[in-house]
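Summary of structural features
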Amino acid sequence: MPEWAGRHSEIFLAFGWPLTWRARPPELTHPLSGERLQLPDNGILICQRVTTPPLYQVFPATANRDPAYEFARDHTTPTWQKQWWRTSGDLYGLFLRTLCEAWSCTVESLLAPVEQRDWADCIHLDDETLGPVAGYLLRRPLSI
């Protein structure tokens, strides 16, 4: 994953609808049309429906959250700190940590710009009639 991330200055982290992940055969589909879909080369969808071992043992619902951001759990608005605290212990958190390492940046530099855009990023795939795909457009921060 670090090599893939290093080749991109933007990565789109997609969140489900209108995409559905099938495990066998592995593919993304649009459930209403039945069409197979493909994310762009800089796109990723994390399938986190993990309720059984062994992944659940590695990523239990709350045990791996970043304790440095627990203060944000009760923020009344969706701050980047609150979002990080919620996701830091799951597969999204692992992805963001790995991306920060690959890009030599901080979680704040990835999530604060998404917060400023009101968490409302989306892309259109090849067939725009299928609707937008929601997610986060993560941009490699400029090095100083």
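The structure we're discussing is the one just above.
Only a predicted model underlies this, so the values are computations on that prediction, with no experimental measurement involved.

1. So, the overall build of the chain
Looking only at helices and strands, one finds five helices and seven strands in the chain. The secondary structure elements of the chain, listed N-terminal to C-terminal, are α-β-β-β-β-β-α-α-α-α-β-β. The burial tally for the chain puts 41% of its 144 residues in the buried class. Carbon and sulfur atoms provide 53% of the accessible area of the chain, an area that totals close to 8,800 Å².

2. Describing the pairing of strand 7 (residues 133-139)
With five of seven residues buried, strand 7 lies mostly within the body of the structure. Of the pairings in the sheet, the one linking strand 1 (residues 10-14) to strand 7 comprises five bridges and is antiparallel in character. Note that in strand 7 the partner of Phe12 across the bridge is Leu137. By the bridge criterion, three bridges tie strand 6 (residues 121-123) to strand 7 in an arrangement that is antiparallel. Bridged to Asp121 within strand 7 is Gly135.

What counts, and where the lines are drawn
Residues numbered from 1 in each chain as written. Predicted model: local features only at pLDDT ≥ 70, side-chain atom pairs only at ≥ 80, totals over all residues. Heavy atoms only, no water. Helix = DSSP H or I, 4+ residues; strand = E, 2+ residues; numbered from the N terminus. Buried < 20%, exposed > 50% of the residue type's maximum accessible area, 1.4 Å probe, protein only. Areas by Shrake-Rupley, 256 points an atom, 1.4 Å probe, with all protein chains shown as cover. Pairing = 2+ DSSP bridges.

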